[in-house]
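Observations on the model geometry
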Amino acid sequence: MRKASMSKGNRMSRRKFIQTSSGAVVAAGNFQKAVAAASTRATTVSKVNIGRKPMMNVIVIIADSMRADHVGCYGSKIKTPNLDRLARESVVFEQAYSENLPTMPCRTAWWTGQYLFTERGWQQMRSSDYLLAEVLWDEGVTSAFITDTYHMHKPVYNCGRGFDTVVFVRGQEYDPWIVDKSIKVDLKRYHRLKGDGSDRRWKPRFEQYLRNTSWFKKEEDYSVARTVKEAIRWLEHTTKTRKDGLFLWIDCFDPHEPWDPPSPYREMYDPGYRGLEMIDPIPGMVEGYMTPREVQHTRALYAGEVTFVDKWIGILLDRIRALGLYENTLIVFMSDHGEPLGEHGYVRKAFPRNYEELARIPWIMRFPDGLGAGERFSSFIQPPDLMPTILDSLGVAKKLTLRFLAPVGLTFPQDMVQRKRDIVLTGKSLQPLLRGEVEELRDFAVTAHYKQQWGLRTRDWTYLYHPRKHRPNELYNRKKDVAEQNNLIEKHPEVVEELENHLLKFAEAVAQR
């Protein structure tokens, strides 16, 4: 929905259209035609599978940049009643840590079941990847991918692979959605530029987001609300002909910055504030840029965003119940990573530093047979574990073979298999842990930024290692210093040697899979 080609005379009617549309964009045609096209595809898939064996549904709900310590069931005072209700019926994993950061690398881990921190950073999926949705495609599943995570909309990433229906909700962050620069925005209300070379980078991005949101009038206009409504729309249509064997991946970008929830969430955690509302501070050190009071308010805005997201997740969960899906559906809630809010002197994901506030993630799973309901597990688990767990829960064969169906030469028919690749998942199914067959899956967790920093956490220690030797390594005592503020790297050389050897051996093992 770009506006660059529109004349000024059409601008108001287009803005009115934007206000009344969902913001989901498909390449051609209006919104209603796009929904109809997607609906036809879903209906056709359901009819093809008549007579198949009944299958459990899987719904995965992602909330990008959601800190575990901001969710009520993890001990937070931030209000998340809907996630807390889900948690009471679910398994809660207390030691879940992201594996490869940030946004796109984590999603690659989810969809491939692979530890990839040794070989990939932020990049597109490879043609040799066998993605979760593609595996389920061959199992008779009807699927949908619905997201406002605008990075995934970029064509180069091809994130719709394997899904029957794909809906992109436009306008998040710096998405070039509303490009009419005649729409006036006031940066001074929500931003502070630094007056240096960084302004060239951030000023147009801040302006883009303010244009994207310039038409917001009510809560339902916000991206998380539109994304949830698209998910509900798909569920309502699809369940007219089928209520099992569904796979829905709903990927919400919030509570990722910018942090500008509507009222009452905007004022909820810092009522009466009268200073500058920095909804999207420039990533970096806060000293000399933000006052302590401004940092406090930005934290409150983030907390308000968390509660706002929780409300809409609750609306989705209520609709799942009302549609009669709840008792036959594996529901997963998780995030890709946390968010630095000044704990180590900087705000946003400015640096590849895998401290606790960034690395730890919430992870909740509700199984339809009540497996593990109400239990909390302290075993280390990681994003590569999601795919093998879903496949295990659905009874999908553990041996995965990617068949390259595209013609390699002159072949007929063109879907003749010319070569194959066996896939080895380096993540682990959580089922043995939940069934009490093992006490833990592993005794460590790895959190990394490709080529920049690798982190290893054990019960006792956090070790932050720099493979390029461009920064000093760090060591923290997790039992005495969970916030990772007191670097003990010089005091425990024997611990450092042991942890580094363990980390490097694990990196070598997953690289040779």
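Two side chains carrying opposite charge are able to pair once their charged atoms lie near each other. Tallied over the full model, the rule gives 34 salt bridges. A salt bridge links Arg-376 to Glu-94, with the nearest nitrogen and oxygen atoms 2.7 Å apart. Taken as a pair, Arg-376 in strand 12 (residues 376-381) and Glu-94 in strand 3 (residues 91-96) lie far apart in primary sequence, 282 residues in all. When its relative accessible area of 25% is taken as the criterion, Glu-94 is described as partly exposed. Note that Arg-366 is salt-bridged to Glu-327, the shortest N-O span being 3.4 Å. You can see Arg-366 sitting in strand 11 (residues 363-366) and its partner Glu-327 sitting in the loop between helix 8 (292-322) and strand 9 (329-334), a full 39 residues away along the chain.

Let's shift gears to unusual backbone geometry. Cis geometry is found at the peptide bond from Leu-101 to Pro-102, where omega equals -5°. Mapped onto the elements of the fold, Pro-102 is located in the loop between strand 4 (100-101) and helix 4 (103-112). Residue Glu-257 is joined to Pro-258 through a cis peptide bond whose omega torsion reads 0°. Looking at the element boundaries, Pro-258 is found in the loop between strand 7 (246-252) and strand 8 (284-285). Phi at Asn-158 takes a positive value of approximately 50°, unusual for a residue other than glycine. In this fold, Asn-158 is placed in the loop between strand 5 (142-147) and strand 6 (165-169). Residue classification places Asn-158 among the partly exposed positions, given a relative accessible area of 44%. Positive phi values are uncommon outside glycine, yet Lys-451 reaches one of about 65°.

Turning next to the confidence of the model for the protein chain. On average, residues of the protein chain score 89 in pLDDT, and 89% of them reach the 70 mark or higher. Low pLDDT, under 50, characterises residues 1-47; the predicted model gives this stretch 75 contacts beyond four residues in sequence or across chains.

Residues in a regular strand point their side chains to alternate faces of the sheet. For strand 6, the tally of buried residues reaches 4 of 5 residues, placing the bulk of the element in the interior. By the bridge criterion, 4 bridges tie strand 5 to strand 6 in an arrangement that is parallel. Bridge pairing links Thr-147 to Phe-168 in strand 6.

Our next topic: the packing of aromatic side chains. Across all of its chains, the model carries 27 aromatic pairs by this definition. Ring centres 5.0 Å apart and planes at 85° place the aromatic pair Tyr-115 and Phe-506 in the edge-to-face group. Separated by 391 residues along the polypeptide, Tyr-115 in the loop between helix 4 and helix 5 (132-137) and Phe-506 in helix 12 (residues 493-511) bring together distant segments of the chain. No difference in accessibility class separates Tyr-115 from Phe-506, as the two residues are buried. Following the ring pairs from residue to residue traces out a cluster consisting of Trp-110, Trp-111, Phe-145, Phe-163, Phe-168, Phe-247 and Trp-249. For Arg-376, the ring lying beneath its charged end belongs to Tyr-74, and the centroid distance is 5.9 Å.

Taking 1.5 Å per residue as the helical rise, helix 8 with its 31 residues ought to reach 45 Å, and the 46 Å between its terminal C-alpha atoms agrees with that figure. Gly-324 lies just past helix 8 and shows a positive phi near 80°.

At a closest axis distance of 7 Å, the pairing of helix 3 (residues 81-88) and helix 8 adopts a crossing angle of 50°. The orientation of helix 3 with respect to helix 8, classified from their angle, is oblique. Here Pro-81, Asn-82, Leu-83, Arg-85 and Leu-86 of helix 3 lie close against helix 8, whose contacting residues are Asp-310, Lys-311, Ile-313, Gly-314, Leu-317, Asp-318 and Arg-321.

The 5 strands lie next to each other as 4-15-16-17-18, forming an open sheet whose pairing is mixed. Two strands lie at the open edges of the sheet, namely strand 4 and strand 18 (474-477), each paired on one side alone. Against the sheet, helix 12 engages strand 15 (445-449), strand 16 (453-457), strand 17 (461-465) and strand 18, with an angle of about 65° to strand 17.

Thresholds, definitions, all that
- Residues numbered from 1 in each chain as written.
- Predicted model: local features only at pLDDT ≥ 70, side-chain atom pairs only at ≥ 80, totals over all residues.
- Heavy atoms only, no water.
- Salt bridge = Lys/Arg side-chain N within 4 Å of Asp/Glu carboxyl O.
- Helix = DSSP H or I, 4+ residues; strand = E, 2+ residues; numbered from the N terminus.
- Buried < 20%, exposed > 50% of the residue type's maximum accessible area, 1.4 Å probe, protein only.
- pLDDT = per-residue confidence, 0-100.
- Contact = heavy atoms within 4.5 Å.
- Pairing = 2+ DSSP bridges.
- Phe/Tyr/Trp six-rings, centres within 6.5 Å; stacked < 30°, edge-to-face > 60°.
- Lys NZ or Arg CZ within 6 Å of the ring centre and 35° of its normal.
- Expected span 1.5 Å × (residues − 1).
- Axes fitted to C-alpha atoms, helices over the stretch in contact; angles between N-to-C directions.
- Parallel < 35°, antiparallel > 145°, perpendicular 65-115°, else oblique.

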